[in-house]
Structures are given as C-alpha cells and as structure tokens.
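As a plain string of letters, each chain reads:
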Amino acid sequence: MREYKIAVIPGDGIGKEVMDEGIKVLNKLSSLSGEVEFKFDNYDWGCEYYLKHGKMMDEDGLEKLKQYDAILLGAVGYPGVPDHISLRDLLLKIRQGFNQYINLRPIKLLPNVECPLKNKDSDDIDMVFVRENKEGEYSGVGGILNEGKEDEIAIQTSVFTRKNTEKVMKFAFEFAKKRNKLNKVTSVTKSNALNYSMVFWDKIFKETSEEYPEIKTESYHVDATSMFMLQRPETFDVFVASNLFGDILTDLGSVLQGGLGFAAGANINPEREYPSMFEPVHGSAPDIAGKGLANPIAMIWTVQMMLDFLEEKELSDMAMEGIKEILKDKERLTPDLGGKATTSEVGDFMCQVLENRC
Ligand code: NAI
Ligand code: MG
C-alpha cells in the first residue's frame, strides 16, 4: 500500500464546497485502486480563522505543513478581510516559504465544452502556463511613505533574481520537451516599458533557449500575447511568464477552456525539498458561496495534477478520464455549464463514472 499524507486547507467560501468533492474523488480512487491510501489532515486556516484569531494561519503553520507529501488548498478570500492580507499571509507565505517557484496552469478545452471563440475546438486550445511564483511583481518589496498626506507615495518593487529566473526558464523548456506537442516555448515580456526587469527576463530566456536547440522559441509583449491567445490559440504550447503576467493571462485562458470552473493549478517545488501545493485558480466566489452552485471540476482537475506530481499515473489518468466522461451529459453539470446539478452531485456523478469504468 502506498500512503500519502495530504494537508487540506479548504479556506473560505466555495473553497470549502469544492474541496469536499476533491476529497470525495480521491477517496473513491483510493478504494478503486486498493493500492493507494490518502491520509488527510484538515486545517481551518483562512479568513474566518483570521476574524477569530487575528492571523490567517498558525505561527508555526509552515513547520506543521512541512511533514506532508502535498497540500490541497480550496480558495481564500472573505468580505471583511482585505484581499492583500488573505493572499499574502497564507497563500504567498506557503508559496514563498516552500520555494514553490513554479505555478503550473494548464489551459485545455476538453471535448464537449463550449469554446467562446468562433470555429475553435478542443484541438485548438491546449497550452500550459509556467508562471514564476515567488518573486517578480509579487515579491512584496516596497512601502508607503507619508501615509494619508498630500504627498503620499506608494512604492512596489519587482524583484527578479538570476538564480530563480533561470530555474523557471529551464523548467519551461524541460516541460515543453516532455510534453512534445509543438516543442515551443513562448516568453511573455514587456521589455519595451520595463527596461530593467523585462530586459533581464528576455536575456535569461535567450540564454536558456541556447541549451535547448530542439525547442522553438518566441517572445511577445504581454499586451500582444493577450490578443494572440484569442486570435490564434492553436499556435501556443508552453508559456513562460512572470508572476503578474501569468496571473492575468491565466484568467483569460480560463475563459478559453470554459470558465474558471475548469482552471486548475499547481504550486510546485520541483526539487521536492518541500511539499507542493495544489489549488484551483478561482477564488472563494462570495457571490455564489453556500448555494451549491460552485463547479468542482477545477478542484477535481487540481487533484488530478496532484496525482500526476505524486507519480500516481494510473489514478491521474482515471481522474482525467472521469472528468471527460461527466462532461458528456449536461444534466451532471453545475449551472455555469448549463446544468442543474449541485456541487456535491457533480462529485457523486464523478464517483459513479469512476466506479463504472473500473
Ligand atoms: P472568484 O474566482 O472568486 O470569482 C469570479 C467569478 O467567477 C464570480 O462570479 C464567481 O461566482 C465565478 N466562479 C469562480 N469560481 C467558480 C466555480 N468554481 N464555479 C462557478 N463559478 C465560479 O474571483 P473574485 O470574485 O475576484 O474574488 C473573490 C475572492 O476570492 C476575493 O476575496 C479574492 O481575493 C479571492 N481570490 C482568492 C484566490 C485564491 O484563493 N487562490 C484566487 C482569486 C481570488
Ligand atoms: Mg489570479
């Protein structure tokens, strides 16, 4: 029996609802396989915890999380707690503290999902973002001077280190090689306006590309990239982008794959010196929280990415096949996809489908 210890942080709003379905699917996969067992520990950290305790997670939170094979996170964010606190004191703390310098976000339109672009189908939309995940524009370096005064100043500095940028670029090239789709890496830049950080980014991209002569390269400014993603998505394979650019473009990408209800993500420490963290791209969606309306597919896809990372290929393939199967019938889907099912019914359908296919 292979056993994995998983730390579960459902967070706030729909984070909790979709997490239940992710766990349901993992338990089903475990019982079907008979060879893999997941041991879950729940942590009630997040905004509601903050309102009670004045902090987003325990002081020794990272120490506690260190012992796990992986972390599953739902979403954080709650009216009444400023977003910069909820993001920085939990998510970014884990991403930075555990050197999860890669944020991997697949953008793939699955069969039977409607694409908002005319004449494009699932063959055309299949790309992956490799987003730098711990520094860049989200380094948290800066300050406010003369607060509240007429001459108030806000400074937010981007930080790009050679060591980290090189590792991110290398990861993207290796990933393109392994994926073996178009064998291409597209770098997202803005070196015309950001004359230090992005000129540096371009330089490291070029240097790294020289080690991978078999991989094609291209580089576009972020504004043009957003346009090309809509105009000719089929020409893209692997993107490498800074923290901010990757964050923005992957929300755009989620629309190409059918909405935020499909957008999965992984925060990876490739060296495996710390646990990696798996979380859907969407937030806590206070507008639909508590109503059973949240689409859990992004969470289930996120679980699939975790299985992939844990090298449980068979289970990971089963999860992906299960997602594709439930998409064949609208009745089994949530309202954002035109169905009438609740969040928990989608999880139940998914389990049924897995059971039937085994
Ligand atoms: P959001 O992703 O929570 O919601 C955006 C829109 O998409 C809403 O209309 C929502 O109902 C819909 N939506 C999102 N996920 C869905 C799903 N699974 N099924 C069906 N519909 C879905 O982003 P928003 O509204 O900008 O932020 C809400 C809160 O979440 C804020 O506090 C924000 O800081 C936080 N947030 C947290 C993230 C995280 O924990 N990783 C990521 C993004 C936002
Ligand atoms: Mg985002």
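Everything numeric here is computed off the predicted structure, so don't read it as measured data.

Asker: Tell me about the packing of aromatic side chains, residues and numbers included.
Answerer: Each aromatic ring pair is characterised by the separation of its centres together with the angle its planes make. Across all of its chains, the model carries 13 aromatic pairs by this definition. With centroids separated by 4.6 Å and ring planes inclined at 35°, the aromatic side chains of Y43 and W45 adopt a geometry described as tilted. Each member of the pair, Y43 as well as W45, carries the same accessibility label: buried. Between F278 and F309, the ring centres sit 5.8 Å apart and the planes meet at 50°, which makes this aromatic pair tilted. With F278 in strand β12 (residues 276–278) and F309 in helix α9 (residues 297–309), this pair connects stretches of sequence that are 31 residues apart. Taking relative accessible area as the criterion, F278 reaches 1% and is therefore assigned buried. Pairwise contacts between aromatic rings join Y4, F38 and F40 into one cluster.

Asker: Explain the domain arrangement of the chain residue by residue, including any values.
Answerer: Under the domain assignment, the chain is made up of domain 1 (1–105 + 259–358) and domain 2 (114–256). The interface of domain 1 with domain 2 comprises 18 residues on the first partner and 21 residues on the second. Our count for the contact surface shared by domain 1 and domain 2 stands at 1 salt bridge. Taking the shortest distance from any N to any O, the salt bridge between D247 and R105 comes out at 3.9 Å. In this assembly, domain 1 and domain 2 are joined by 11 residue pairs in polar contact (both at pLDDT 80 or more).

Asker: So what's going on with helix α4 (residues 83–97)? Which residues, and what values?
Answerer: With 15 residues, α4 extends 19 Å between its outermost C-alpha atoms, agreeing within 8% with the 21 Å of an ideal straight helix rising 1.5 Å per residue. Considered for burial, the residues of α4 that qualify are I85, S86, L90, L91, L92, I94 and R95. A positive backbone phi angle near 50° is found at N99, which sits one or two residues after α4.

Asker: I'd like a rundown of the nonpolar core, residues and numbers included.
Answerer: Buried together is how nonpolar side chains tend to be arranged in soluble globular proteins. I6, L72, L104, V130, V185, V240 and L327 are the most contacted members of the largest nonpolar core, which has 87 residues in total. Looking at this core element by element, the count peaks at 9 residues for α9. Mapped onto the domain boundaries, this core takes at least three residues apiece from domain 1 (1–105 + 259–358) and domain 2 (114–256). If sequence neighbours within four positions are ignored, V185 has contacts with A172, F173, A176, F205, I215, K216, T217, E218, V238 and V240. Residues C47, I71, V81 and M277 belong to the second largest nonpolar core, which totals 20 residues.

The rules behind the values
- Residues numbered from 1 in each chain as written.
- Chains lettered and ligands numbered in written order.
- Predicted model: local features only at pLDDT ≥ 70, side-chain atom pairs only at ≥ 80, totals over all residues.
- Heavy atoms only, no water.
- Phe/Tyr/Trp six-rings, centres within 6.5 Å; stacked < 30°, edge-to-face > 60°.
- Buried < 20%, exposed > 50% of the residue type's maximum accessible area, 1.4 Å probe, protein only.
- Helix = DSSP H or I, 4+ residues; strand = E, 2+ residues; numbered from the N terminus.
- Domains from an automatic or database assignment.
- Contact = heavy atoms within 4.5 Å.
- Salt bridge = Lys/Arg side-chain N within 4 Å of Asp/Glu carboxyl O.
- Polar contact = N/O pair within 3.5 Å; in protein donor to acceptor, adjacent residues only side chain to side chain.
- Expected span 1.5 Å × (residues − 1).
- Core = buried A, V, L, I, M, F, W, Y, C linked by side-chain atoms within 4.5 Å.

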